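# A structural walkthrough
For reference, the chains in residue letters:
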Amino acid sequence: MAAENSDIVAVCNDSVGSSKLGGFRERWPERLINVGIAEQNLVGVGAGLANGGKLPFVCAAASFLTGRALEQIKADVAYSNANVKLCGISSGMAYGALGSTHHSTEDFAWMRAIPNIAVVAPADRIETAAATAWAASYSGPVFLRLSRVGVPDLFAEGHTFELGRANMLREGADLTIIANGTLAHRAVSAAEILEAKGIEARVLNMATVRPIDEEAIVRAARDTGAILTCEEHSIYGGLGGAVAEVVCENEPVRVKRRGVPGIFAPTGSANFLLDEFGMSPDGIADSAIELIRKKT
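Reading guide: rules and limits
Residues numbered from 1 in each chain as written. Predicted model: local features only at pLDDT ≥ 70, side-chain atom pairs only at ≥ 80, totals over all residues. Heavy atoms only, no water. Salt bridge = Lys/Arg side-chain N within 4 Å of Asp/Glu carboxyl O. Helix = DSSP H or I, 4+ residues; strand = E, 2+ residues; numbered from the N terminus. Buried < 20%, exposed > 50% of the residue type's maximum accessible area, 1.4 Å probe, protein only. Core = buried A, V, L, I, M, F, W, Y, C linked by side-chain atoms within 4.5 Å. Contact = heavy atoms within 4.5 Å. Axes fitted to C-alpha atoms, helices over the stretch in contact; angles between N-to-C directions. Parallel < 35°, antiparallel > 145°, perpendicular 65-115°, else oblique. Left-handed = near helix turned anticlockwise from the far one by under 90°. Nonpolar A, V, L, I, M, F, W, Y, C, P; charged D, E, K, R; others polar. Expected span 1.5 Å × (residues − 1). Polar contact = N/O pair within 3.5 Å; in protein donor to acceptor, adjacent residues only side chain to side chain. Pairing = 2+ DSSP bridges. Arc of directions from axis to C-beta. Right-handed = clockwise from strand over helix to strand, strands pointing away.

## A word on the pattern of salt bridges
The tally for this structure, following the rule as stated, stands at 13 salt bridges. When the shortest N-O distance is used, the salt bridge between E195 and R170 registers 2.5 Å. Placement of the pair is E195 in helix α7 (residues 184-196) and R170 in strand β7 (residues 167-170), with a sequence separation of 25 residues. When its relative accessible area of 18% is taken as the criterion, R170 is described as buried. Here the salt bridges share partners, and the residues they tie into one network are R125, D153 and E157.

Shown next as structure tokens:
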């Protein structure tokens, strides 16, 4: 995209390597601004570049981008409606072994409470590319929540991202599993386990947390009567909370939220921690069975 649009610039916080900006720096060194470990400045510089007509992609670990620079995100980017693309890398528990200081399990809650910002968590490399292309074409602030943990492809090449539109990954009438990011493929695997037990689970990839696809949620509630949410985030204020709000106001059914249960996660790999919090495919399937029993 940068080859086609000379206004695209990258801004990072001493994270050229982890932001995968090495190739960008080699081709356009004058279009990469490295502010060092100074996240408030990082976001302020991004907002200034946007105000000067540039298209900045501001890249940093999600935990530090959102936690350290939340005031700048609120005032410099959102309140000003600046055309800044915030790329929160290594989100969730991707920095698992570095502990809770580096985990980002609050960012959905923080970001979706701020007006004007689209909050997006792609499910695989294909949706990530599509969401990034969409973000470049969108006029306004965007928070792209990106992981560093490899996951299987769920989408076909050429997939088009649509803001606020959920993707049906699997049909089903017994309950609905809603997930995004690194949990989407695990939700699909859980649905396959459930199918072997005679349970048909609908699976929705809810990449956009704000604005959320209310229509798809309400339809799922009406069609299946129960919703299980899964996210690499605290169960408070994230995807599960957003879904529950829609269900409560429009079509009350049982909702069960799977995520980090309101604690600081221990150290360990991201995959280990997801399994530890009941979000392995088997763990998700067990939660679905429990939810169905309560539904009846």
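What follows continues from the structure just given.
## Some details on the nonpolar core
One broad trend across soluble globular proteins is that nonpolar side chains are buried collectively. Judged by nonpolar contacts, the single largest core of 28 residues is most densely connected at L175, I177, L194 and L228. Breaking this core down by element, the ones donating at least two residues are β8 (175-179), α7, β9 (201-205), β11 (226-234), α10 (270-276) and α11 (281-295). With six residues, α11 is the largest single contributor of residues to this core. When sequence neighbours within four positions are dropped, the list of residues in contact with L228 reads L175, T176, I177, I178, K256, R258, I284, S287, A288 and L291.

## Some remarks on the packing of α7 against α11
Between α7 and α11, whose axes approach to 8 Å, the crossing angle comes to 60°. By the angle class used here, α7 and α11 are oblique. Seen along the crossing, α7 lies across α11 with a hand that is right-handed. Side by side, α7 and α11 meet where R186, A187, S189, A190, I193 and L194 of the first sit next to P281, D282, I284, A285, A288 and I289 of the second. The class makeup of the residues in the contact of α7 with α11 is nine nonpolar, one polar and two charged.

## Focus on the environment of E195
E195 sits in the partly exposed class, given a relative accessible area of 41%. Separated by 90 residues in sequence, E195 and A285 have C-alpha atoms that sit 9.8 Å apart. If near-sequence neighbours (up to four positions away) are discounted, E195 is found in contact with R170 and E200.

## Re helix α6 (residues 125-137)
Helix length check: α6 (13 residues) gives 19 Å between terminal C-alpha atoms against 18 Å at 1.5 Å per residue, within 8%. When we look at burial in α6, the residues that qualify are I126, E127, A130, A131, T132, W134 and A135. Looking at the buried residues of α6, the elements they touch are β3 (55-61), β4 (85-89), β5 (118-120), β6 (142-145), β7 and β9. The N-cap residue of α6 is D124: its side-chain oxygen and the backbone nitrogen of I126 are 3.1 Å apart.

## Focus: the sheet that holds β7
Taken together, the five strands give an open sheet; going across it, the order is β7-β9-β8-β11-β12, and neighbouring strands pair in mixed fashion. In this open sheet, the two strands that pair with only one neighbour each are β7 and β12 (254-260). Averaged over all pairs of adjacent strands, the angle between strand axes in this sheet comes to 25°, irrespective of strand direction. As judged from the five bridges shared by β8 and β9, these two strands associate in the parallel manner. Bridged to I178 within β9 is L204.

## Some points on helix α4 (residues 70-78)
For α4, every residue scored as buried is listed here: Q72, I73, V77 and A78. Down the axis of α4, the buried side of the element spans an arc of 150°, and every buried residue falls inside it. In α4, those exposed residues whose orientation departs by more than 90 degrees from the buried face are E71 and K74. Against α2 (39-51), α3 (62-68), β4 and α5 (107-112) lie the buried residues of α4.

## Re the packing of helix α8 (residues 214-224) against helix α9 (residues 239-250)
The geometry of α8 relative to α9 is characterised by a closest axis approach of 10 Å and an angle of 65° between their N-to-C directions. The way α8 lies across α9 gives a crossing that is right-handed. Of the residues in α9, those touching α8 at E214, I217 and V218 are V243, V246, V247 and N250. Looking at side-chain class alone, the contact of α8 with α9 contains five nonpolar, one polar and one charged residues.

## Let's talk about the pairing of strand β1 (residues 8-12)
Of all five residues that make up β1, five are buried, and the element is covered over most of its length. As paired strands, β1 and β3 are joined by five bridges and run parallel to one another. Among the inter-strand pairings, V11 is bridged to a residue of β3, identified as V58.

## Describing the pairing of β9
Along β9, five of the five residues are buried, which leaves the element largely enclosed by surrounding structure. Of the two faces of β9, the one carrying A201, V203 and N205 and the one carrying R202 and L204 are both buried. Bridge count for β7 against β9 is three bridges, and the pairing is antiparallel. Residue pairing in the sheet places R170 in a bridge with V203 of β9. Taking the sense of rotation as the criterion, the β-α-β connection linking β8, α7 and β9 turns out right-handed.

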